[in-house]
Each structure stands twice: as structure tokens, then as C-alpha cells.
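Single-letter residue listing:
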Amino acid sequence: MNTQLTALMGGLILLLAALTAQSSPATDTKKWGLVTLAEDYRLDVEIVDTQTQRALGLMYRTQLAENQGMLFVYPDEAMRGVWMKNTLLALDVLFLSEDGRIVNMLHNLSPCAQTPCPAYSSETKARYMLEVNAGFIERHQLKIDQAVIIEPRHTEPGN
């Protein structure tokens, strides 16, 4: 009986490990998009649209190119939140509506290494959240209700 239980537990552990590896952000194929902002400024964005990808976000990354960002895609419009736990870069965050309009912005969120980290929320419902380098909003003079065009990309930037 102990042998059967040990074999069953071993099988469950292997299955769990396989499922975890399949859904790991490290093994996911990155999806890219193109966001067009004010004055036809284009930004390459990594699209994160699964719960696992959204939870990891830009954690542990040491750099983000000026013309790149991360676009969080959610299945519906709702109040959205962000925190900077294990995020090594200062960021600006734009919350976008279903129709691609800026509904809220957060400026210059600092990295957080201590626990607990503060959480920041949108002031209105959003379908998308766009993270970019701190100072981006000011440099591009972005405004609430400004239209943002989101397009899928089939290749990684530079290809």
C-alpha cells in the first residue's frame, strides 16, 4: 500500500511540475503589439494577457527601452490595481478603457523592495493597463481621454 501511495504521489508531483512548466512565463511565447500615442508616437509593447503573466509583469527587469512598454490585457473593464513589488524600474502607468482612451494615469511609481508594498489603483474602470518608463507621460504630454491605438504585432520588435 505504501508503494502505491508513493507512486501515486510521485505521479501527481510530476504532473504538477509539467503543468507549471507549461504555464511558466519563461516558457510562454512573448506576444508583441504596437501602441500609437500622441503625435503618431509608436511604442512596442509586450502583451501580457494571462493571470500568470500579469502577476509577474515587469518584476526583476533591470531595463526597459524608451520606446517599449508592457500592455496588460484583461477580459473585462474593472477597477485595476498595480504594485511595485520586486519591480526594479520606476514606472508611469496608464489605464485604458475598452475603446482605447486614457482614463487614469499614475506618475513615477518607485520600485518597492520592502514589505508591504503600497498598492495603486485606477480611479475608474479600465480594460488595459500600460506600463512605461517613469517620465513618459510628461515627456509625451499625455492627457485623460486621449485616444490610444492598440494593434497586434506578429514579430518581436526589430524583426
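The structure we're discussing is the one just above.
This report concerns the structure included in the present document. The structure displayed is predicted, hence computed values, not measured ones. Going along each chain's sequence as written, the residues are numbered from 1 onward. The predicted origin of the model limits local features to residues at a pLDDT of at least 70 and limits the giving and counting of side-chain atom pairs to 80 or more, whereas totals for whole chains, interfaces and linings rest on all residues. The basis for every side-chain value is the complete set of non-hydrogen atoms in the structure, without hydrogens or water.

To continue, consider the sheet that holds strand β1 (residues 31–36). Paired strands, in this sense, are two strands between which DSSP finds at least two bridges. Going along the chain from the N terminus, every DSSP run of H or I of four or more residues is numbered as a helix, and every run of E of two or more is numbered as a strand. Read across the open sheet, the seven strands follow the order β6-β5-β8-β3-β2-β1-β9; overall the sheet is mixed. Two strands in the sheet have a free side with no partner beyond their single neighbour: β6 (102–109) and β9 (149–153). Direction aside, neighbouring strands of the sheet carry axes that sit 30° apart on average. As defined by bridge partners, strand β5 (residues 91–96) adjoins β6 across five bridges and the pair is classed as antiparallel. Residue pairing in the sheet places Val-93 in a bridge with Leu-106 of β6. Angular values range over 0 to 180 degrees, each being the angle between N-to-C directions of two axes fitted as lines to C-alpha atoms, with helices fitted over their stretch in contact.

The subject of this paragraph is the state of the cysteines. Cysteine sulfur pairs qualify as disulfides if the two atoms are within 2.5 Å. Taken as a whole and assessed by the stated rule, the structure comprises one disulfide. Between the sulfur atoms of Cys-112 and its disulfide partner Cys-117 the distance amounts to 2.0 Å. Here the S-S torsion is close to -95°, and the disulfide linking Cys-112 with Cys-117 is therefore left-handed. Each member of the pair, Cys-112 together with Cys-117, is buried. The buried label goes to any residue with under 20% of its type's maximum accessible area, the exposed label to any with over 50%, and the partly exposed label to all in between, with areas taken from a 1.4 Å probe on protein chains only.

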